[in-house]
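Below are the chains, spelled out letter by letter.
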Amino acid sequence: MSSYQHFYVEGGGALNELAQRWNTLWQRSYARQPTARAKGIANWLRHFSQDHQFSALCVEDDGHLIAALPLVADRLSTVYPVYRLPVNSWANTGDFLVDRETNLRDVVSAVVDGLQAIAPSLLCFEEITLGAPQWIALQSAIRNRGGRTFCKRQSPVAVIDILGDWDSYQQSWSANHRGAVKRSYRKLTKQGELRTERCQQPGVHLEQMLRTAFAIEDRSWKGEAGTSVLRTPGVLDYMLDEAEAVARSGHVDLWLLYLEDRPIAFEYCHFAKGTCFSHKIGYDPALSKHGPGRLLRYLQLQEYHHQGDCRLLDTLGTLCQSKAKWATRSYNVGELYASVGSSTCNALLDGYAWATKSYRRWRGSTSAEVPKLGATSYLDTVTIETPTANIDGAVNPDGFATQTGQISSLK
């Protein structure tokens, strides 16, 4: 007989007290991004929410934490109560944590028991990996209890498998893409020496490199539009705090590309469970025709192939042509609404789903054309045991020193 028990923790302070158990669960869970650890959520709450709005539904078995769902209280259209994940356009710190070694169906059933205790309310899960086992199981459990689920939006995200065969990976690209990378290298090296700098440790140097990176972004169209990190109130402080917290747990990976002493491109990443998560990338617009961002991505992937501890680069965000050229496969993220244990909530969600679909039909909305992935043939060179982007992997607990590298030539 199951000994599962659910309980709620309220506020960031209670989460901090649970941090060690929470992080152990994250390590054992299907969740991949390191911002879903306790410190990442606490940092998000400090910058973007209020302490009293946060709670976390937890399930334990014989004293062991085996599931956790972080929730932030909000209002749908400022009226109806809704619980969301701690997620916004700047950060994704919310995920459903379930221990992979447990019986998924039974544990998720216990989670739904806990969710019924906060009815009537709607649940809104944004930017979730729709194909991840824990989210599939949650939808099934909710419907089996007479609840409703509705996927309002889904979109593909490109990923790049890193299989260790750099030459085969390059051969999988189109001839145009290979030529574009070589042209970027030739044009930039004519103007001076290129070098990369990489930081994977917390401290002053990480902050300096981040400020340099965000200054590059601010010179782009994002700065002119007022949407860059430097021009959005409060976001720079959040990003610096986030990077420091992620770096302290050994999960940051920041790249800069220099032309002589001039920083011309950056990529800010998190690294966990064998996956690099590309959170922000940018380049100097004055050199846009030379493709410095393209060249930095090339050098980054080359290093990952040779280094061997990274098995996947997750590009995050919208799948566009520039990402598709490098991609080997994709997965879907989406926005999931759910109701549990209340006929009122069910009726409200049914109405919301009907209104959303009716509005789409009235607008004549059609699905955007998905760019063709440019490196799918690379997968023909090896058998992948887990053909989804929800890839499990061990976290490398060791930090790495800042590295610099000269760039000599491209094949």
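Residue indices begin from 1 for each chain and proceed along its sequence in written order. Given that this is a predicted model, residues contribute local features only at a pLDDT of at least 70 and side-chain atom pairs are listed and counted only at 80 or more, while totals for whole chains, interfaces and linings are drawn from all residues. Side-chain calculation: all heavy atoms of the structure are included, whereas hydrogens and water are not.

Caption draft 1: Representation of the side chain of E60 within the structure. With respect to the helices and strands, E60 occurs in strand 2 (residues 54-61). For every residue, the accessible area (1.4 Å probe, protein chains only) is compared with the maximum for its type, and the residue is labelled buried under 20%, exposed over 50%, or partly exposed between those bounds. On the basis of relative accessible area, E60 is assigned to the buried category, the value being 18%. A distance of 3.0 Å separates a polar atom in the side chain of E60 from a polar atom in the side chain of R21. It only takes one pair of heavy atoms within 4.5 Å for two residues to be counted as in contact. In contact with E60, not counting residues within four places along its chain, are S3, Y4, Q5, F7, R21, L65 and I66. Comment: elements are numbered from the N terminus, with helices defined as DSSP H or I runs of at least four residues and strands as E runs of at least two. For this analysis, a polar contact is any N or O atom pair within 3.5 Å, provided that within protein one partner can donate a hydrogen and the other can accept it, and provided that sequence-adjacent residues contribute only side-chain to side-chain pairs.

Caption draft 2: Molecular detail of the pattern of salt bridges. Salt bridges are defined as contacts in which a side-chain nitrogen from Lys or Arg sits within 4 Å of a carboxyl oxygen from Asp or Glu. Following the criterion strictly, the structure yields 19 salt bridges and no others. Where R21 meets E60, a salt bridge forms, and the shortest distance between an N and an O atom there is 3.0 Å. Of this pair, R21 sits in helix 2 (residues 19-28) while E60 sits in strand 2; the two residues are 39 residues apart in sequence, bridging distant segments of the chain. The class for R21 is partly exposed, based on a relative accessible area of 33%. Of the charged contacts in the structure, one is a salt bridge between R248 and E244, with a shortest N-O distance of 3.0 Å. Taken as a pair, R248 and E244 lie in helix 10 (residues 235-248) at a separation of four residues, close to a single helical turn. Here the salt bridges share partners, and the residues they tie into one network are D74, R84 and E126.

Caption draft 3: Focus on the pairing of strand 10 (residues 262-272). Summarising burial for strand 10: 10 of the 11 residues are buried, a large majority. Pairing between two strands requires that DSSP report at least two bridges joining them. Relative to strand 10, strand 9 (residues 252-259) runs antiparallel, the two being bridged by eight bridges. Paired with L257 across the strands is A265, a residue of strand 10. The pairing of strand 10 with strand 11 (residues 275-283) spans eight bridges and is antiparallel. Pairing of A272 across the sheet is with T275, part of strand 11. Taking the residues that link successive antiparallel strands as the turn, the strand 10-strand 11 hairpin has two residues, and the phi of K273 there is positive, at about 50 degrees.

Caption draft 4: Quick look at the packing of helix 3 (residues 38-48) against helix 10. Note on method: axes are straight lines fitted to C-alpha atoms, helices fitted across the in-contact stretch only, with angles between N-to-C directions ranging 0 to 180 degrees. Packing of helix 3 against helix 10 leaves a shortest axis separation of 10 Å and a crossing angle of 165 degrees. Looking at the two axes, helix 3 sits roughly antiparallel to helix 10. The handedness of the crossing between helix 3 and helix 10 comes out as right-handed. Residues K39, N43, W44, R46, H47 and F48 of helix 3 pack against D237, Y238, D241, E242 and A245 of helix 10. For classification purposes, angles smaller than 35 degrees are called roughly parallel, those larger than 145 roughly antiparallel, those between 65 and 115 roughly perpendicular, and all remaining angles oblique. Handedness of a helix crossing follows the sense of rotation of the near helix relative to the far helix, less than a right angle counterclockwise being left-handed and clockwise being right-handed.

Caption draft 5: Region of interest: helix 3. Residues A38, G40, I41, A42, N43, W44 and L45 constitute the buried set of helix 3. Those residues of helix 3 that are buried lie in contact with helix 1 (11-17), helix 2, strand 2, strand 3 (64-76) and helix 10.

Caption draft 6: Region of the structure containing the packing of aromatic side chains. Between rings of Phe, Tyr and Trp, where Trp is taken as its six-membered ring, a pair exists when centres lie within 6.5 Å; planes separated by under 30 degrees are stacked, by over 60 edge-to-face, and by other angles tilted. In this structure the tally under the stated criterion is 15 aromatic pairs. Arranged with centres 4.8 Å apart and planes meeting at 55 degrees, the rings of F48 and Y238 form a pair that is tilted. Separated by 190 residues along the polypeptide, F48 in helix 3 and Y238 in helix 10 bring together distant segments of the chain. With centroids separated by 6.1 Å and ring planes inclined at 70 degrees, the aromatic side chains of W173 and Y298 adopt a geometry described as edge-to-face. Note that W173 is positioned in the loop between helix 6 (166-171) and helix 7 (175-189) and Y298 in helix 11 (residues 292-307), a separation of 125 residues in sequence. Across the pair, exposure class does not vary: W173 and Y298 are buried alike. Joined through ring pairs, the aromatic side chains of W166, Y169, W173, Y298, W326 and Y378 make up one cluster.

Caption draft 7: View of unusual backbone geometry. Unlike most non-glycine residues, E127 shows phi in positive territory, near 55 degrees. Within the secondary structure layout, E127 lies in strand 6 (residues 122-129). Residue classification places E127 among the partly exposed positions, given a relative accessible area of 35%. A positive phi angle is found at E260, which is not glycine, with a value near 60 degrees.

Caption draft 8: Geometry of helix 10. Taking 1.5 Å of rise per residue, the 14 residues of helix 10 would be expected to cover 20 Å, and the 20 Å separating its terminal C-alpha atoms lies within 8% of that figure. Where the residues of helix 10 are buried, they touch helix 3, helix 8 (204-218), strand 9, strand 10 and strand 11. Just past helix 10, the residue G250 takes up positive phi, approximately 80 degrees. Here a helix's expected span is defined as the number of its residues, less one, multiplied by 1.5 Å.

Caption draft 9: Structural context of the environment of L259. Tracing the sequence through the fold places L259 in strand 9. In this structure, the C-alpha to C-alpha distance between L259 and Q191, residues 68 residues apart in sequence, is 7.7 Å. Contacts of L259, omitting those with residues within four sequence positions, involve L188, Q191, G192, E193, L194, I264 and L287.

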